[in-house]
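Coordinates in review
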Amino acid sequence: MPQNPEKVIDHMELFRQPEYKDVFARKQAEFEYGHPKEEVSRVAEWTKSEEYKAKNFSREALTINPTKACQPLGAVFAAQGFEGTMPFVHGSQGCVAYYRSHLTRHFKEPNSAVSSSMTEDAAVFGGLNNMIDGLANTYSLYQPKMIAVLTTCMAEVIGDDLQGFIVNAKNKDSIPQDFPAPHAHTPAFVGSHVTGYDNMMKGVLSYFWDAEGSPAREANDSINVIGGFDGYAVGNNRELKRIFGLFGIDATILSDVSDVFDTPTDGQFRLYDGGTTLEQTKAAKNAKATISMQEYCTPQTLSYIKDKDQAVAKFNYPMGVGATDEFLLKLVELTGKPVPAELTLERGRLVDAIADSHTHIHGKRFAVYGDPDFCLGMTKFLMEMGAEPVHVLSTSGSKKWDKQVQKLLDSSPFGKSGASYGGKDLWHLRSLLFTDPVDYIIGNSYGKYLERDTKIPLIRLTYPIFDRHHHHRYPTWGYQGGLNVLVRILDKILDDYDQKTNIAGETDYSFDLIR
Amino acid sequence: MSLANEESKQATQDLINEVLEAYPEKSRKRRAKHIGIQTAEAKDCDVKSNVKSIPGVMTIRGCAYAGSKGVVWGPIKDMIHISHGPVGCGYYSWSGRRNYYIGVTGVDSWGTMHFTSDFQEKDIVFGGDKKLGKVIDEINELFPLVNGISIQSECPIGLIGDDIEAVARNKSAEIGKPIVPVRCEGFRGVSQSLGHHIANDTIRDWIFDKTEPKADFEGTPYDVTIIGDYNIGGDAWSSRILLEEIGLRVIAQWSGDGTLAELENTPKAKVNLIHCYRSMNYIARHMEEKFNIPWMEYNFFGPSQIAESLRKIAALFDDKIQANAEAVIAKYQPLVDGVIAKYKPRLEGKKVMLYVGGLRPRHVVDAYHDLGMEVTGTGYEFAHNDDYQRTTHYTKEGTLIYDDVTAYEFEKFVEKLDPDLVASGIKEKYVFQKMGKPFRQMHSWDYSGPYHGYDGFAIFARDMDMAINNPVWNLTKAPWA
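Residues numbered from 1 in each chain as written. Chains lettered and ligands numbered in written order. Predicted model: local features only at pLDDT ≥ 70, side-chain atom pairs only at ≥ 80, totals over all residues. Heavy atoms only, no water.

1. Looking at the overall build of chain A
The secondary structure content of chain A amounts to 21 helices and 14 strands. In terms of overall size, chain A behaves like a compact globule, its C-alpha atoms giving a radius of gyration of 25 Å where 515 residues would be expected to give roughly 24 Å. Of all 515 residues assigned to chain A, the portion counted as buried reaches 61%. Restricting the contact set of chain A to residue pairs at least 6 apart, pairs at least 24 apart contribute 73%. Accessible area for chain A stands at about 19400 Å²; split by element, carbon and sulfur atoms hold 51% of it. (Helix = DSSP H or I, 4+ residues; strand = E, 2+ residues; numbered from the N terminus. Rg over C-alpha atoms; globule rule 2.2 N^0.38 Å. Buried < 20%, exposed > 50% of the residue type's maximum accessible area, 1.4 Å probe, protein only. Contact = heavy atoms within 4.5 Å. Areas by Shrake-Rupley, 256 points an atom, 1.4 Å probe, with all protein chains shown as cover.)

Listed below in structure tokens is the structure:
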């Protein structure tokens, strides 16, 4: 009997006991009718070959382990960053359960969104009644300040007229006539979650900025910032606010989830907490400029804002020294304020940290995957530290993105062995990691399967991170964020050294105390 | 009935009324039918079930796709399950349920991977059948050891009228492996429950009716199956070991750690043993009608139910098996005694409120009782009337029952009834922890487990203790607040 009340063991040890190993062996031998061991090993080896890679890269229809989700996830995330806002997803209800679970698993926080729960009858007759009843229920039950309406692929395929439906629901008194209910069409078969973020952001801004009777734009000196879909938004948005505070800039983060996804455990559940206020959102029309921290999350939004005569600027997930320099210089340019001395000190400290540690990073080869902007930001920072990005991969990456990555790689001698893989997935990356191995992988939790298969250590630095806790609380942007990223990378490298040298009497001559 | 009982029931009814006040009238009337108080007379907990969720609320339910791909088909390890349609459904259901399996992922097993036809706008406009055919070809080329394929259709597939059955038939003939088209579009039905049913029907129509049991399979009089165990955290293994110990042969596991061959050989079983009745009673009933195989619902949560189930299972066989069952129950008694001696003093009298799917709102009740705990509220995400009928056996009079509870109702019920533990899913977990309530996630065992069988009961007890008695819950109020 393997179990013991004195020291209860769970699945991690339980199933390694001989009793269970016997169970598994019998099941496999008598009932599974699997393939012979040798055949499994042969095929496993074959999947690591150049031949397999060629086949893998020639597939046209099948996607395996992609680094992208669908539009509504990004739209829900964007909506949740506004004060008192309930995302209302018009379509079948299972989708919402999925978005809520996904975001909850990453942030370890409650995640609120409702669905109009469309079923077969709505598929035939349209979802108008679901909208009318649904908005009324959301309004009275959850008492939001705003309901942000978006679609799933189901509502899009049957062609529900979102704007018309909302007007209809208001006419039926589901919600008051003047109640804010911006909307966005977010079909899952177009783009990805980063597109959904863009659509919802534009939907919210245009709702307030183009509202009938809304005052004409009166330019002031404030700055808007749009973070984009960012798994580190809790840490990053707070870091941005600290930087603006040091500058003395009047800034508004549009869709600020930093408090929404970080409420205290103090005996009270807050359905709504934090977020960009609706007043701030309205007033953001008058800002001098809007800065996007992630270009690929905001093309339509920025183009809309530009048409409103605001200056716009875009970055690609700015990490590290150079990217933060550019961001701060843009702030100087836009506001005329000098870079605060405190930030100059922080810059020097980050440079100091890189200088102290560069020997462990210089010349190391990396694979980077994730959302398009993250890949660009990470690649830039790696090269700045003397690392070599070899494979840069994003399933949402376009041809334009490929060119942009290539241009970035070409800008540094450390990028000469690098290539970009827009539109490819993690099964493509698996082939690349076998035929052209790297020292480390940078990505999200899904990379743990790559780490297992290839034995290349994984550094988790982007969304989603399900199997490690609290990373999202630490910034990755700004000089302080750069320091966090540097430490994460270094910890993995130094742990890796120890793993490789810790066999007593065999490899431990390199098991150094001081590194 | 005692006056105190009557009073407490009245208080619960007042609470229900108060919570329902927040709804507009139409929805209040609809929701009222789903919330009740367990009475001695009621045969079905007195609540309505398996009807549409009201729109615009946070229902905890999923969809038919989740029921088919996420629960029934997904865990079959030696097949590849295509999430056919846009990228999201497969992405969100990728690796989320901890259906443990043994195999080389990407080579002869694919349980923790995400395969999709990643529909684009042009696929919606022109149809996706051609692309699906190509997806299947590419799977067959890149994964030559795959034993079969299933097509899990997402919302748009049914709406645009693709003929996935024709693609399945043609491609199956071409590649010589079973291909199963599953019409589990998320808009079908009212929850994941219809997805279970649809998936069961496709096993009937596309596996039983189209494939044969393995020719060299030699049956014995002791052949049984485990049906409706998804091997979350290894549950089916900690169940299987007990069945083997009493002398039975488990010829198939459905579907956690299961294989196509096990599905095909199932009709050779002498008895089908079903754990999650809701998700797989359909196929068990079918096998009873068509192959004359009896089925029995069993419960491997907690020692009382395990012993009762082992005896009931053994009673279907001969004296030898019955004697073995007694021996196995006796063998594990010291473990049970040890676990209860250690944990009962820490858990005695603690109140639990449950809200889960499948079988757990009733099956785990006695496991809590074994630890001296009390379940004061329970409900199902996607039960049907017969599940509630099965629940009265487990619940005490006066228990609050809530079907398809909304996030709003659940929060208010917990606030007012103030249990010592809430046991529900990931979407609920942090809501209650913020309130300072100990919580265990009862879909994926909060990344622990197994919870089935005797080995699992020890873990269950340990986990409930760690949830309730962790010192963090004394820190929620600042000393100056």
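2. Some thoughts on the environment of histidine 11 of chain A
Looking at where histidine 11 of chain A falls in the secondary structure, it is placed in helix α1 (residues 11-14). Overall, the relative accessible area of 8% leaves histidine 11 of chain A in the buried class. Setting aside its immediate chain neighbours within four residues, histidine 11 of chain A contacts Arg16 of chain A together with Arg98, Tyr100, Gly233, Tyr447, Ser448, Gly449, Pro450 and Ile459 of chain B. Side chain to side chain, histidine 11 of chain A and tyrosine 100 of chain B meet in a polar contact 3.2 Å long. (Polar contact = N/O pair within 3.5 Å; in protein donor to acceptor, adjacent residues only side chain to side chain.)

3. Remarks on the pattern of salt bridges
A pair can form between side chains of opposite charge whenever their charged atoms are brought close. Residue and element names in this part refer to chain B. Evaluation of the coordinates by the stated rule reveals 77 salt bridges over all chains. Glutamate 25 is the salt-bridge partner of lysine 29, the closest N and O atoms lying 3.5 Å from each other. Taken together, the residues lysine 29 and glutamate 25, both in helix α2 (residues 25-32) and 4 residues apart, mark about one turn of the helix. Two residues, glutamate 297 and arginine 362, come together in a salt bridge whose shortest N-O distance is 2.8 Å. Of this pair, glutamate 297 sits in strand β9 (residues 295-297) while arginine 362 sits in helix α15 (residues 360-363), placing them 65 residues apart in sequence. On the accessibility criterion, arginine 362 (1% relative accessible area) is buried. (Salt bridge = Lys/Arg side-chain N within 4 Å of Asp/Glu carboxyl O.)

4. Some points on the side chain of histidine 391 of chain A
All names here are of chain A. One can find histidine 391 in strand β11 (residues 388-394). A polar atom in the side chain of histidine 391 sits 2.8 Å from the backbone oxygen of aspartate 436. The residues contacting histidine 391, other than those within four sequence positions of it, are Phe366, Ala367, Val368, Ala419, Tyr421, Leu429, Leu432, Leu433, Asp436 and Val438.

5. Side note on the sheet that holds strand β6 (residues 223-226) of chain A
All names here are of chain A. Spatial strand order, β7-β6-β8-β9: 4 strands in an open sheet with parallel pairing. Since the sheet does not close on itself, it has two edges, and those belong to β7 (251-254) and β9 (311-314), each with one partner. Ignoring strand direction, the axes of neighbouring strands in this sheet form an average angle of 20 degrees. Helix α14 (residues 299-307) contacts β6, β8 (289-292) and β9 of the sheet and is inclined by roughly 160 degrees relative to β9. (Pairing = 2+ DSSP bridges. Axes fitted to C-alpha atoms, helices over the stretch in contact; angles between N-to-C directions.)

6. Things to note about the nonpolar core
For soluble globular proteins, the rule of thumb is that nonpolar side chains tend to be buried together. In this structure, Trp73, Phe143, Trp254, Ile313, Tyr368, Met442 and Tyr454 of chain B are the most contacted members of the largest nonpolar core, which totals 208 residues. Residue contributions to this core peak at 10 residues, all from helix α14 (residues 319-347) of chain B. Those residues in contact with phenylalanine 143 of chain B that lie beyond four places of it in its chain are Tyr52, Ile64 and Trp427 of chain A together with Ile80, Gly106, Trp110, Met113 and Phe115 of chain B. Listed in part, the 56 residues of the second largest apolar core include Leu240, Phe315, Ala353 and Leu490 of chain A. (Core = buried A, V, L, I, M, F, W, Y, C linked by side-chain atoms within 4.5 Å.)

7. Concerning the packing of helix α3 (residues 64-73) of chain B against helix α9 (residues 192-208) of chain B
All names here are of chain B. Running from amino to carboxyl end, α3 crosses α9 at an angle of 55 degrees, the nearest separation of the two axes being 6 Å. On the basis of the axis angle, α3 is oblique to α9. Note that α3 runs across α9; the crossing there is right-handed. Contacts from Ala64, Ala66, Gly67, Ser68, Val71, Val72 and Trp73 in α3 reach Gln192, Gly195, His196, Ala199, Asn200, Thr202, Ile203 and Ile207 in α9. Partitioned by chemical class, the residues of the contact of α3 with α9 number 8 nonpolar, 7 polar and no charged. (Parallel < 35°, antiparallel > 145°, perpendicular 65-115°, else oblique. Left-handed = near helix turned anticlockwise from the far one by under 90°. Nonpolar A, V, L, I, M, F, W, Y, C, P; charged D, E, K, R; others polar.)

8. Some details on the environment of isoleucine 514 of chain A
All names here are of chain A. As for its placement among the helices and strands, isoleucine 514 is situated in the segment after α21 (478-501). Taking the relative accessible area as the measure of exposure, isoleucine 514 reaches 73% and is therefore exposed. Sequence separation between isoleucine 514 and glutamate 156 is 358 residues, and the spatial gap between their C-alpha atoms is 60 Å.

9. Considering unusual backbone geometry
All names here are of chain B. Note that the residue after tryptophan 254, namely serine 255, is joined by a cis bond; omega there is -15 degrees. Here serine 255 is to be found in strand β7 (residues 249-255). The omega angle of the peptide bond from glycine 449 to proline 450 is 0 degrees, so this bond is cis rather than trans. Here proline 450 lies in the loop between β14 (439-441) and α20 (453-469). Phi is positive for arginine 98, close to 55 degrees, though the residue is something other than glycine. Note that arginine 98 resides in the loop between α4 (88-92) and β3 (115-116). Classification of arginine 98 by relative accessible area gives buried; the value is 12%.

10. A short note on the sheet that holds strand β5 (residues 179-182) of chain B
Read across the open sheet, the 5 strands follow the order β1(A)-β3(B)-β2(B)-β4(B)-β5(B); overall the sheet is mixed. Looking at which strands have only one partner, the edges of the open sheet turn out to be β1 (63-64) of chain A together with β5 of chain B. Each of β2 (79-84), β4 (148-153) and β5 of chain B touches α3 of chain B; the most contacted strand, β4 of chain B, lies at about 155 degrees to it. Contacting β1 of chain A together with β2, β4 and β5 of chain B, helix α6 (residues 129-142) of chain B crosses the sheet at an angle of about 150 degrees to β2 of chain B.

11. Brief notes about the state of the cysteines
Taken as a whole and assessed by the stated rule, the structure comprises 0 disulfides over all chains. Cysteine 153 of chain A takes part in no disulfide bond, and the closest cysteine sulfur, belonging to cysteine 155 of chain B, lies 5.3 Å away. Overall, the relative accessible area of 6% leaves cysteine 153 of chain A in the buried class. Just so you know, cysteine 297 of chain A is unpaired, no disulfide at all, and the nearest cysteine sulfur is the one on cysteine 375 of chain A, 12 Å from it. Residue classification places cysteine 297 of chain A among the buried residues on the basis of a relative accessible area of 1%. (Disulfide = S-S within 2.5 Å.)

12. Structural notes on the packing of aromatic side chains
A full pass over the atoms with the stated rule returns 53 aromatic pairs over all chains. Three or more aromatic residues joined by ring pairs make a cluster, and in this case those are Tyr98, Tyr99, Tyr446 and Phe466 of chain A together with Tyr65, Tyr91, Tyr92 and Trp94 of chain B. Sitting above the plane of the tryptophan 206 of chain B ring, lysine 210 of chain B keeps its charged end 4.4 Å from the centroid. Across the ring face of tyrosine 277 of chain B, the terminal group of arginine 390 of chain B is positioned such that the distance to the ring centre comes to 3.6 Å. (Phe/Tyr/Trp six-rings, centres within 6.5 Å; stacked < 30°, edge-to-face > 60°. Lys NZ or Arg CZ within 6 Å of the ring centre and 35° of its normal.)

13. Structural notes on the interface of chain A and chain B
A common way to express how large an interface is: the accessible area buried when the components associate. In this complex, chain A contributes 102 residues to the contact, which on the side of chain B involves 120 residues. With both chains or domains summed, chain A and chain B bury close to 9600 Å², and 63% of this area falls on carbon and sulfur atoms. At the boundary of chain A and chain B, one finds 12 salt bridges. One salt bridge in this structure joins glutamate 262 of chain B and lysine 27 of chain A, with 2.9 Å as the shortest N-O distance. Taken together, the connections running from chain A to chain B amount to 46 residue pairs in polar contact (both at pLDDT 80 or more). For the side of chain A that touches chain B, a count of residues per class yields 52 nonpolar, 28 polar and 22 charged. (Buried area = accessible area lost by both parts, 1.4 Å probe.)

14. Considerations on the environment of methionine 373 of chain B
All names here are of chain B. Mapped onto the fold, methionine 373 is located in the loop between α16 (365-370) and β11 (374-378). Along the backbone, methionine 373 and asparagine 299 are 74 residues apart, and their C-alpha atoms lie at a distance of 18 Å. With residues up to four places along the chain from it excluded, the contact list for methionine 373 reads Leu347, Gly349, Lys350, Val352, Tyr368, Leu421 and Ile468.

15. Let's talk about the confidence of the model for chain B
Summarising the model, chain B shows a mean pLDDT of 97, and 100% of its residues fall at 70 or more. With a pTM of 0.97, the predicted complex shows an ipTM of 0.97. (pLDDT = per-residue confidence, 0-100.)

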